[in-house]
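# Structural characterization, general
Listed below, chain by chain, are the residues.
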Amino acid sequence: MQRRLNLITALLVLGQTIGRGMPDRPYDEHRERYSSSTVGLLKLLELELQFIENLKNYTDLLSAKANTLQDLIDSVDRGTERTLAEREKYVSNPLNAFGLMRRTHQDWPKWHHYINTTVGRVELQALDDILGKAPDSQDMKEALIGMNRIERTYALEAKDLAKGRLLDKQYDIQLSIRDCLSLGQHKFQEGDYFRASMWYRMAIKHQPEPNAEELNTILGDPLKDLKLNYAKATIIHGLSTGNLSLSIQNVLNITEATIQKASPADLEAFIAELLNQTDDDMSREMSAFEPAPTPYEIGCRGLFPKRTKLVCRYNFTTTPFLRLAPLKMEEVNHDPYIVMYHEVLSDREIEEMKRRSGQMSNGWADQKEANSTKIRDIVCRHTWWREQSAIKERVNRRISDMTNFDFPPQEDLQVANYGLGTHFKPHYDYTSDGYETPDVLTLGDRLGSIIFYASDVPQGGATVFPRSRVSIFPRKGSSVFWYNLYDDGRIDTRSQHSVCPVIVGDRWTLTKWLHIVPQMFVMPCKPRKNEKSP
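Let us look at the structure shown here. For clarity, every value in this text was computed on a predicted model and none was experimentally measured. (Residues numbered from 1 in each chain as written. Predicted model: local features only at pLDDT ≥ 70, side-chain atom pairs only at ≥ 80, totals over all residues. Heavy atoms only, no water.)

### Some words on the overall build of the chain
Heads up, the rule is: In this text, helices come from DSSP runs of H or I with a minimum length of four residues, and strands from runs of E with a minimum of two, each type numbered from the N-terminal end. Here a residue-residue contact requires only that any non-hydrogen atoms of the pair lie within 4.5 Å. In short, Shrake-Rupley with a 1.4 Å probe defines the accessible areas, and a residue's cover is counted only from the protein chains shown.
In terms of regular secondary structure, the chain is built from 18 helices and 17 strands. Considering only contacts in the chain between residues 6 or more positions apart, those separated by 24 or more positions represent 75%. By element, 55% of the accessible surface of the chain is carried by carbon and sulfur atoms, the whole surface being about 29,900 Å².

The following block contains the structure:
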């Protein structure tokens, strides 16, 4: 208990010493976003551990100072000179009188200097340095967008997320009242009043924080205007879904007028009526007008119909080497052709890949337009494995064995790591989708793509082909291969694919794009099914 009180005291002092917030830095799209990868989140966790360690040291120094001052108080405040007669008796004794004079003349200035001396200067400087590395507002926004993406993509509900339930699994985690409030505020600002209402509801129903009064002094009161905002979000959602002819601005105006006219008692009664309903009833009632899930969302949830007449077999025919060491192949789809290979990336190769991925950069969903100030979506953190390595050459030769494609074994591979709710929207790998790479000029368009999964992902993180209605969930050591073009070079729009947000897990991938020009003698054109041979 005393330790907690000391920590609160330290926080109060820190609030005056290093400020209450993190000033925003100018936007820099090359700056690492902690939220965009597990690698970044690990760095942020390490930063928080450093913050807490310095805070502990600072608290210990404050506590030692407080104990010293308490010793002074105990030595002087004997509690025996309560009345005027007692005080007269005390100063009438020359020993007491001299001691009083000496203490007030000699000791007081020294105690005053001691009190005004800042303790823990080193720790305070370290805390300042750590604060300078804290996530900025754009990183926080990316985290909120990521949480929203997870919630919407997988049709998760605030009542479950707040209590640590993700899909069908319960975790020993609960969001705090401030977490719920932050999510509600973001959704309100984004115009998602249904989900804003549910998150406000979770914040209102949350158990009070321990030492709430002291924490509110430091962090602000999360309950301030919370019920009012809950009422607003609920009314706006009800009006906008109940009368589709009203513009959102009219809905906002009507809501504001209604709130202004209502008495405090009427508002309290309205909110109490809402809170008396069960969470399930409120969620069911308010989600009645939610749009149907998109093919992408259906695929992320693993709800595409199961394919039939597919087999798993050993592939020992693609190259002569496979006669000696066949690969485990699983047919995923016949038309378009999609296959998985299993046990084709070893733990040692994965560790080598990660070891050579130290300098990662932001991966973007699209190219930056000239003179554009638009903030682009970060897909992940990624890097190119360019260093020459026997393991990289071995992986490239394995790709050749899987595909029978011709390319130098020294070619680069892309390594990617995904973060909090990051995803890759449905897109094509061929360049007519607007993302052109320099090697296209010499090697031609991307004929095929292969992705190695370098980690298991317990929940989420699938590769989805919405047009082909195929979902592939990551399995460590496996790979998936497909064609982006027909063998005559024309695009196959069925190759559209996407990466679903990870719910729980650490998604690492190794990707190779295979270009068409080097394959002109390896893969001759064949008649299309709807075309006749001459």
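### Focus on the packing of helix α9 (residues 193-204) against helix α11 (residues 226-242)
Here is the rule: Every axis in this analysis is a line fitted to C-alpha atoms, fitted for helices over the stretch in contact. Angles between the N-to-C directions lie between 0 and 180 degrees. Each angle is binned into one of four classes, with values under 35 degrees roughly parallel, values over 145 roughly antiparallel, values of 65 to 115 roughly perpendicular, and all other values oblique. In a left-handed crossing the near helix is turned counterclockwise from the far helix by less than a right angle, and in a right-handed crossing that turn is clockwise. Any residue outside Ala, Val, Leu, Ile, Met, Phe, Trp, Tyr, Cys, Pro, Asp, Glu, Lys and Arg is labelled polar, Gly included; the first ten of those are nonpolar and the last four are charged.
At a minimum axis distance of 8 Å, the contact between α9 and α11 shows a crossing angle of 150°. With respect to α11, the element α9 is oriented roughly antiparallel. The way α9 lies across α11 gives a crossing that is left-handed. Across from Tyr193, Phe194, Ala196, Ser197, Tyr200, Arg201, Ala203 and Ile204 in α9, the residues of α11 making contact are Leu226, Lys227, Asn229, Tyr230, Ala233, Thr234, Ile236 and His237. For the contact of α9 with α11, the per-class residue count stands at 10 nonpolar, four polar and two charged.

### Focus on the pattern of salt bridges
Put simply, the rule is: Criterion for a salt bridge: a side-chain nitrogen of Lys or Arg within 4 Å of a carboxyl oxygen of Asp or Glu. Remark: exposure states derive from per-residue accessible area (1.4 Å probe, protein chains only) relative to the maximum for the residue type, with buried under 20%, exposed over 50%, and partly exposed in between.
A full pass over the atoms with the stated rule returns 31 salt bridges. Here Lys392 makes a salt bridge to Asp412, at a shortest N to O gap of 3.8 Å. Pair noted here: Lys392 is in helix α17 (residues 390-403) and Asp412 is in the loop between α17 and β8 (413-417), with a separation of 20 residues, a long-range link. Residue Lys392 is classed as buried on the basis of its relative accessible area, which comes to 0%.

### So, the environment of Lys187
Just so we agree on the cut-off: Nitrogen and oxygen atoms within 3.5 Å of one another constitute a polar contact, given that in protein one can donate a hydrogen and the other can accept it, and given that sequence-neighbouring residues count only through two side-chain atoms.
Within the element layout of this structure, Lys187 appears in helix α8 (residues 177-189). Looking at Lys187, the relative accessible area reads 2%, which means it is buried. When the C-alpha atoms of Lys187 and Trp199 are compared, they prove to be 8.7 Å apart, with 12 residues separating the residues in sequence. Those residues in contact with Lys187, other than ones at most four positions away along the chain, are Asn148, Glu151, Asp192, Arg195, Ala196 and Trp199. Engagement of the side chain of Lys187 in a polar contact is seen with the side chain of Asn148, the distance being 2.8 Å. Polar side-chain contacts of Lys187 include one of 3.1 Å to the side chain of Glu151.

### Looking at unusual backbone geometry
Going from Asp335 to Pro336, the amide bond is cis rather than trans, its omega being 5°. Here Pro336 shows up in the loop between β4 (327-333) and β5 (338-342). Phi is positive for Leu167, close to 55°, though the residue is something other than glycine. As for its placement among the helices and strands, Leu167 is situated in the loop between β1 (165-166) and β2 (169-170). Its identity as a non-glycine residue notwithstanding, Lys309 has a phi of 60°, on the positive side. Within the secondary structure layout, Lys309 lies in the loop between α15 (295-300) and β3 (312-315). Classification of Lys309 by relative accessible area gives exposed; the value is 75%.

In short, the description is geometric, and any link to function would need to be established separately.
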